[in-house]
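Reading the structure
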Amino acid sequence: MSVDSSGIRAVLRAPQVLRVLLSSQVGRLPTASGPLALLLFARQSLSLAAAGLLVAAYTAGMAVGTPLLARAVDRWRQPPVLWAAAVLSGLGFGAVALTGGHLTGAVVGAAVAGLGTPPLEACLRTLWPALLPPGTVPTAYTLDIAVQEVIFVVGPLVTLLAVTLAGPPAGLVSAGVLQLAGTAAYALSPAVRAWRGVPAARHWAGPLRVPRFSVLMAGVVGVGAAVGSIAVAVTGYAEAAGDRRLSGWLLAAQAAGALAGGLLYTRARPGGPGRLPLLAAALTVGFLPLLIAPGPVPMAGLLMVSGLALPPLLTAIFLTAERLAEPGTVAEAFAWVSTAFVVGSAAGSALAGPLVSTDLRYGLAVAPAAALLGTVVLGAASRGDGRRPEKGPEPGAEVYARSS
């Protein structure tokens, strides 16, 4: 595999890149801190069953809202959509905090918070081709995906700190405030304000109109199910080991592996469509040793290894989605990838729960099984080149270069 040791430096040194990357990461913190804040709030004022309902409502709201908001971004501009979404989501978090233990109001508020989640992930990845030379765009995708692992470490820590200092409602407020602050810093950057969607005739189905893209999304659901099942299985492992706190350290080890895998993959040149199923197969193989369920220290090492292939695989998925999406639907296509992953993650968690209760290894087997299914489907999606004719630069790209 060819290596470009200057890839990360080339991306980070480009004008405005560091600002939009960091601000989008801050704005995305609630994707990790929001569910925990809802859980802690519900455990204090409601019940464990209610806690599950709030997280489910939040996740369902995100699954519905993200593609719709990204479609609006494709048709118009990023800042107005992002501002409106961040305010709506913040109001949802605030509504939950003010419910005082009323379940219906809390569920509605959680759904609104999820529905309004700004599609920063899709927006940022739509922006890369305008900020960077074509050869470094895949590196930017991988870097973004790798750094995103930090969200799942920092987000929960921020929530726990806020709850410790000011109680469970403060966790919800901090999620809304961080989301608004990060979105504001991102939306006010010159590149984001200059970006415009591609004028095009659009179908109501958006990128889902392309059959191969729909197949790709089915494969992403399988990948999401594999990753989502691990959190539940690891929690079961920690409880069987006699210390629930182990689950946090073990999941952090997997996140560290993913971060390392992503940073290493930024040095690789992008491959063709055939690389997608190979990376999915690597993810599947990485999950298999977990079935051994050794002691905590070896288990942490195995989990770190299992995370290595995830950022490279997601990079290949986003590159394939961009290649398959029709003009004017790229932001929505990226949003559908995120939605498919979230839906798969929820399904994997739900499936692993009862299996872990029966036998820990049954729960651990969900990840390789789901990843294998995803590999088969992604292989079908990658058959043939599937490339659209080469496009010119996105509208506004020259504006970014001049304003930098």
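In the nomenclature of an unreviewed UniProt entry, the chain corresponds to MFS transporter from the organism Micromonospora halotolerans.

Some points on the overall build of the chain
A count of helical and extended segments in the chain gives 19 helices and zero strands. The buried share of the chain, taken over its 404 residues, is 53%. Long-range pairs, those at least 24 residues apart, make up 83% of the contacts in the chain with a sequence separation of at least 6. Accessible surface, the chain: about 16,500 Å² in total, of which carbon and sulfur atoms supply 70%.

Some words on the packing of helix H8 (residues 137–147) against helix H13 (residues 246–265)
The angle between the axes and the distance between the axes are what describe a pair of packed helices. Where H8 meets H13, the axes come as close as 8 Å, and the angle between the chain directions of the two elements is 165°. Of the possible angle classes, the one that applies to H8 and H13 is roughly antiparallel. In the crossing of H8 with H13, the sense of the turn from one axis to the other is left-handed. For the pair H8 and H13, the contacting residues are Thr142, Leu143, Ala146 and Val147 in the first and Leu259, Gly262, Leu263 and Tyr265 in the second. Here the residues of the contact of H8 with H13 sort into six nonpolar, two polar and no charged.

Considerations on the nonpolar core
Ranked by internal contacts, the top residues of the largest apolar core, which has 82 residues, are Trp128, Leu132, Tyr186, Leu216 and Leu313. When residues in this core are grouped by element, the largest group, twelve residues, is from helix H12 (residues 211–240). Core analysis: the second largest hydrophobic core is formed by 18 residues, Leu54, Val55, Leu172 and Ala175 among them.

What about the pattern of salt bridges?
Under the definition given, this model contains four salt bridges. Note that Arg28 is salt-bridged to Asp144, the shortest N-O span being 2.9 Å. Of the two residues, Arg28 sits in the loop between helix H2 (17–27) and helix H3 (30–45) while Asp144 sits in helix H8, which places them 116 residues apart along the sequence. Just as Arg28 is buried, Asp144 falls in that class too.

Remarks on the packing of aromatic side chains
In the structure shown here, the tally under the stated rule is three aromatic pairs. On the basis of an interplanar angle of 75° and a centroid distance of 5.5 Å, the ring pair of Phe318 and Phe334 is categorised as edge-to-face. Pair noted here: Phe318 is in helix H16 (residues 310–324) and Phe334 is in helix H17 (residues 330–358), with a separation of 16 residues, a long-range link. The same class applies to Phe318 as to Phe334, namely buried. Through pairs of rings, three or more aromatic residues link up here, namely Tyr141, Phe318 and Phe334. Note that Arg125 overlies the ring of Phe318, its terminal NZ or CZ placed 4.3 Å from the centroid.

A look at the packing of helix H7 (residues 120–131) against H8
Where H7 contacts H8, the two axes come as close as 9 Å, and the packing angle between them is 150°. If you check the angle between H7 and H8, you find them roughly antiparallel. The way H7 lies across H8 gives a crossing that is right-handed. In this structure, H7 uses Leu124, Arg125, Trp128 and Pro129 to contact H8, whose residues at the interface are Val137, Ala140, Tyr141, Asp144 and Ile145. Split by residue class, the contact of H7 with H8 holds seven nonpolar, no polar and two charged.

Focus on the confidence of the model for the chain
Considering every residue of the chain, the mean pLDDT works out to 84; 90% of them sit at 70 or more. Predicted confidence is poor over residues 1–5, with pLDDT under 50, and the contacts of this stretch with residues over four places away or in other chains come to nine contacts. Scored below 50 in pLDDT, residues 385–404 makes 36 contacts in the model with residues more than four places away or belonging to other chains.

Quick notes on the environment of Val20
Here Val20 is to be found in helix H2. Separated by 170 residues in the primary sequence, Val20 and Pro190 have C-alpha atoms spaced 9.8 Å apart. Residues in contact with Val20, not counting those within four places in the same chain, are Leu124, Leu127, Trp128, Leu131, Tyr186, Ser189 and Val192.

Re the side chain of Thr142
The topology assignment puts Thr142 in helix H8. Assessed through its relative accessible area of 1%, Thr142 is described here as buried. Those residues in contact with Thr142 that lie beyond four places of it in its chain are Gly262, Tyr265, Thr266 and Thr315.

So, helix H15 (residues 296–307)
With twelve residues, H15 should cover 16 Å at 1.5 Å per step; its first-to-last C-alpha distance of 16 Å lies within 8% of that length. Among the residues of H15, those classed as buried are Met299, Leu303, Ser306 and Gly307. Angular distribution of buried residues about the axis of H15 spans 95°; they occupy a single face of the element. Those residues of H15 that are buried are in contact with H12, H13, helix H14 (275–287), H16 and helix H18 (360–382).

Points about a nonpolar patch on the surface
Together, Trp83, Val87, Leu91, Leu180 and Leu188 line one region of the surface with nonpolar side chains, adding up to about 440 Å² of accessible area. Among the elements that line the nonpolar patch, the one with the most residues is helix H5 (residues 78–98), at three residues. Its location among the elements puts Leu188 in the loop between helix H10 (168–187) and helix H11 (190–194). For Leu188, a relative accessible area of 46% translates into the label partly exposed.

Rules of the game
- Residues numbered from 1 in each chain as written.
- Predicted model: local features only at pLDDT ≥ 70, side-chain atom pairs only at ≥ 80, totals over all residues.
- Heavy atoms only, no water.
- Helix = DSSP H or I, 4+ residues; strand = E, 2+ residues; numbered from the N terminus.
- Buried < 20%, exposed > 50% of the residue type's maximum accessible area, 1.4 Å probe, protein only.
- Contact = heavy atoms within 4.5 Å.
- Areas by Shrake-Rupley, 256 points an atom, 1.4 Å probe, with all protein chains shown as cover.
- Axes fitted to C-alpha atoms, helices over the stretch in contact; angles between N-to-C directions.
- Parallel < 35°, antiparallel > 145°, perpendicular 65-115°, else oblique.
- Left-handed = near helix turned anticlockwise from the far one by under 90°.
- Nonpolar A, V, L, I, M, F, W, Y, C, P; charged D, E, K, R; others polar.
- Core = buried A, V, L, I, M, F, W, Y, C linked by side-chain atoms within 4.5 Å.
- Salt bridge = Lys/Arg side-chain N within 4 Å of Asp/Glu carboxyl O.
- Phe/Tyr/Trp six-rings, centres within 6.5 Å; stacked < 30°, edge-to-face > 60°.
- Lys NZ or Arg CZ within 6 Å of the ring centre and 35° of its normal.
- pLDDT = per-residue confidence, 0-100.
- Expected span 1.5 Å × (residues − 1).
- Arc of directions from axis to C-beta.
- Patch = residues over 30% accessible without salt bridge, like charges linked within 9 Å, V, L, I, M, F, W, Y side chains within 5 Å.

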